[in-house]
Structures are given as C-alpha cells and as structure tokens.
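In case you want the letters, here they are:
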Amino acid sequence: MEDSTRTRALRRLQNAVAHLRPSLVSMPSASTNEYRKELLAVRKELLSMIEKLNCNPILVRLAWHDSGTYDMKTKSWPACGGANGSIRFDLELGHGANAGLIKAVNYLKKIKEAHPIISWADLIQLGSATAIEHAGGPKIPMRYGRVDTLAKGECPKEGNLPDAYPPFGDGAPSAGRHLRNVFYRMGFNDREIVALSGAHTIGRAFKERSGVVPNGYGEETATKFTCPMHRARADKSEGVGMPGGKSWTANWLTFDNSYYHRQNDTKDLLWMPTDQVLHKDESFKVFFGMYAKDKNLFFSDYAKVHKKLSELGSKFSPKEGITLD
C-alpha cells in the first residue's frame, strides 16, 4: 500500500512538472527582444572562442548529435528526440557515438553560465551555425527559442546515429541502406543526405573517439594535414587546435565543397564506406557530382538542410521562433 501511494505521488509530481515545463526553461523568463539580445551577445562570444580554439568541427558534431536522434514517427516531445539539449547530460554523452563530445559541452558551459536565460538547445545549435560561418561556409537562416529537456530521463535511447563501418547497428546490409534508414527516419531525402554529408569537409576522426582510424590525439600520429604546421583555416592563419586525428579533406577547418572532390581513402585522408557510397550509389552520385561542380549550389542546399536538421524535434517558445538577422 505504501509503494502504491508513493507511485501515485510520483505520477502527480511528474504531471505537475509536465504542466509547468514552459515556465521552468530559460526562454519564457525573458521577452523576445531580451532573448534575441542575449543570443547576439552569445554569438560574439562563440566567434571569439572559435577563433582562439579552432573548435569549429566539434561544435558542429555536438549539434548534429543532439539533433540526429530524432524519429519522426514518435509524435510526443521530448520522446521524439532531436534538438532539445539532452546531449548535455552524462547519460547521453556516454553513448558510443558521442565519445569525446564532453569537450564541446565544457567549451559551452562558461558561455551558458554567463547567459543563463539561453537554453542549452539554442546554445548548441547557435554554436554549430556560427562554426560553419566562421569556417567560410554559408550563413544559415536559423531560428531560436528552443525549449530544453529537464532531466537525463528524457534522453533518447542509444543507437539512433549513423555508423561509419559495417556491421551497421540497424542491421543494414550496405552503407547506402544504412544511411537511408537513419536519415529517412528523420525525414530527409537522398539529395539532403548528400548535402549534409558535405559537412565532412571540416573535421577529423580520432582513435580515441570513433575508433575508425589509427590516428589519435597529439603530433605522434598526426597526418601531414592534422599536424601543427599545417594551415587548414579558411583565412590561412596558423592553428589546428589539438593536433592529431585524420581528416576527410586537406583544409579541414575550411568549409567548402572539397569533400565532393574525394573518392578514396589515403594515408593522410579519411574516406569511409558511408562516404564511398555517395559517389557510387545511382541516386546519391547524381547530387555528389552536382556539388563537386558547383560550390554555390552546395552552399544553398546545405544552408537549407542544416536549418532543417537544427529544428528536428525542437519545441519553440514562442512557437514561430526567434531570428537574429
């Protein structure tokens, strides 16, 4: 009888929290103008941090992995997953695909502490869009006002993000089928899958994170493109952040269409089965070739699909969101 009473009390508390949720998150405590002003201040701080640390890729990866758990068949929030800030919790950071992302969360913590009214979900997505633009990529027509999850119990299950190599977690027999299983679940089509994949023009893989390369942290196993002497930034300035790992492209801190000029794995550059299939699959390769020929087309398509990814599973307050430009 005592356990039954506790259960009913717990359910009443959960219902109360669900009812009060909008007043417990950051956004409604500030007016739209106040929130926008804070977002603009945060963007300046993010730019300064990125300029200093060269952390563009990990900020993009953090935002993608927060968004990429979305399942469009699940209609309730936050059970549907997506861009709701849940990746800040240790439970989700402990998922295998998120190895190393605690570093990105820690980068953002100081900014969050200085701007507490900004939701984690917004901070994470603003960090990604700012990182893309800083690297020379397109300006993404983002909107903000995302509501945060409140507890680790609202984190999605593990296994929703794409794998790099077989055997694939969803049991797919091929890389192409696997990509489609993952991205169709989120509501993307083949063209959007190829456009999103172009974000690998920036970033690296590490032995200690994904484990798909033998190249780890530090200079000892760095490639000629991930060593301290290489200039990978869009402005050709010095700095690679932490040396090491293996990149998809030579200038892996520059956002352009060079990813689509790659076709195979080499000693110094990464190319995985989920990359290879994009220029071999009959549908994917049409768009792969288009983006290789036309950077402006890639930028236009990428900006649209990045925005779409950043809003998957998001609950906005106000419902129409808040824009900065």
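Fair warning: this is a prediction, and the values are worked out from it, not measured in the lab.

1. Structural notes on the packing of aromatic side chains
Each aromatic ring pair is described using two quantities: the centre-to-centre distance and the angle formed by the ring planes.
Stage number 1. Under the counting rule described, the total for this entry stands at 15 aromatic pairs.
Stage number 2. Look at Phe255 and Phe298: their rings are 5.7 Å apart centre to centre, the planes differ by 10°, and that puts the pair in the stacked class. Of this pair, Phe255 sits in the loop between β2 (246–247) and α9 (273–276) while Phe298 sits in helix α11 (residues 295–311), and the two are 43 residues apart along the sequence.
Stage number 3. According to the relative accessible area criterion, Phe298 is buried, its value standing at 0%.
Stage number 4. Positioned over the ring face of Phe316 is Arg143, at 4.0 Å from the centre of the ring.

2. Remarks on the state of the cysteines
Stage number 1. Counted under the stated rule, the structure contains 0 disulfides.
Stage number 2. Unpaired in terms of disulfides, Cys55 finds its nearest cysteine sulfur in Cys227, a separation of 20 Å.
Stage number 3. Cys227 gets classed as buried once you look at its relative accessible area, which sits at 13%.

3. Examining the side chain of Ser67
Stage number 1. Following the sequence through the fold, Ser67 ends up in helix α3 (residues 56–67).
Stage number 2. Among the polar contacts made by the side chain of Ser67, one reaches the main-chain carbonyl oxygen of Leu309 at a distance of 3.2 Å.
Stage number 3. Residues in contact with Ser67, not counting those within four places in the same chain, are Gly82, Ala83, Gln125, Met186, Leu309, Ser310 and Leu312.

4. Some details on the packing of helix α7 (residues 175–186) against helix α8 (residues 190–197)
Stage number 1. Between α7 and α8, the shortest axis-to-axis distance is 10 Å and the interhelical angle comes to 100°. It follows that α7 is roughly perpendicular to α8 by the angle criterion. Facing Leu179, Arg180, Phe183 and Tyr184 of α7, the residues of α8 in contact are Asp190, Ile193 and Leu196.
Stage number 2. Here the residues of the contact of α7 with α8 are counted per class, giving 5 nonpolar, no polar and 2 charged.

5. Brief notes about the environment of Ile50
Stage number 1. Relative to the helices and strands, Ile50 is located in helix α2 (residues 32–53).
Stage number 2. Using a relative accessible area of 0% as the deciding quantity, one classes Ile50 as buried.
Stage number 3. Discounting chain neighbours no more than four positions away, the residues touching Ile50 are Cys55, Asn56, Leu59, Gly127, Thr130, Ala131 and His134.

6. Quick look at the environment of Asn264
Stage number 1. Mapped onto the fold, Asn264 is located in the loop between β2 and α9.
Stage number 2. The class of Asn264 is partly exposed, set by a relative accessible area of 45%.

7. Focus on the pattern of salt bridges
Stage number 1. Inspection of the entire model under this criterion finds 15 salt bridges.
Stage number 2. For Asp325, the salt bridge goes to Arg43, with nearest N and O atoms at 3.2 Å. Of this pair, Asp325 sits in the segment after α11 while Arg43 sits in helix α2, placing them 282 residues apart in sequence.
Stage number 3. Residue Glu192 is joined to Lys308 by a salt bridge in which the shortest nitrogen-to-oxygen separation is 3.2 Å. Of this pair, Glu192 sits in helix α8 while Lys308 is found in helix α11, placing the two residues 116 residues apart along the sequence.
Stage number 4. A relative accessible area of 18% places Glu192 in the buried class.
Stage number 5. Where salt bridges share partners, they join Arg43, Glu133, Lys139 and Asp325 into one cluster.

8. Digging into the nonpolar core
Nonpolar side chains tend toward joint burial in soluble globular proteins.
Stage number 1. One finds Leu108, Phe188, Phe255 and Tyr302 to be the most contacted residues of the largest nonpolar core, which totals 75 residues.
Stage number 2. At the level of elements, α2, α3, α5 (102–114), α6 (120–134), α7, α8, α10 (284–293) and α11 are the ones that each hand at least two residues to this core.
Stage number 3. Here this core takes 7 residues from α6, the largest share from any one element.
Stage number 4. The contacts of Leu108, once residues within four sequence positions are left out, are Leu46, Met49, Leu59, Leu62, Trp120, Leu123 and Ile124.

9. A short note on the environment of Val105
Stage number 1. As for its position among the elements, Val105 is in helix α5.
Stage number 2. Classification of Val105 as buried rests on a relative accessible area of 2%.
Stage number 3. With 14 residues separating them along the chain, Val105 and Ser119 place their C-alpha atoms 13 Å apart.
Stage number 4. Ignoring sequence-local partners within four residues, the contact set of Val105 consists of Leu62, Ile87, Arg88, Leu93 and Trp120.

10. Here we look at the confidence of the model for the chain
Stage number 1. Scored by pLDDT, the chain has a mean of 92; 91% of the residues are at 70 or more.
Stage number 2. In this model, residues 13–28 is a region of pLDDT below 50 whose contacts with residues beyond four sequence positions or in other chains number 26 contacts.

About the thresholds
- Residues numbered from 1 in each chain as written.
- Predicted model: local features only at pLDDT ≥ 70, side-chain atom pairs only at ≥ 80, totals over all residues.
- Heavy atoms only, no water.
- Phe/Tyr/Trp six-rings, centres within 6.5 Å; stacked < 30°, edge-to-face > 60°.
- Helix = DSSP H or I, 4+ residues; strand = E, 2+ residues; numbered from the N terminus.
- Buried < 20%, exposed > 50% of the residue type's maximum accessible area, 1.4 Å probe, protein only.
- Lys NZ or Arg CZ within 6 Å of the ring centre and 35° of its normal.
- Disulfide = S-S within 2.5 Å.
- Polar contact = N/O pair within 3.5 Å; in protein donor to acceptor, adjacent residues only side chain to side chain.
- Contact = heavy atoms within 4.5 Å.
- Axes fitted to C-alpha atoms, helices over the stretch in contact; angles between N-to-C directions.
- Parallel < 35°, antiparallel > 145°, perpendicular 65-115°, else oblique.
- Nonpolar A, V, L, I, M, F, W, Y, C, P; charged D, E, K, R; others polar.
- Salt bridge = Lys/Arg side-chain N within 4 Å of Asp/Glu carboxyl O.
- Core = buried A, V, L, I, M, F, W, Y, C linked by side-chain atoms within 4.5 Å.
- pLDDT = per-residue confidence, 0-100.

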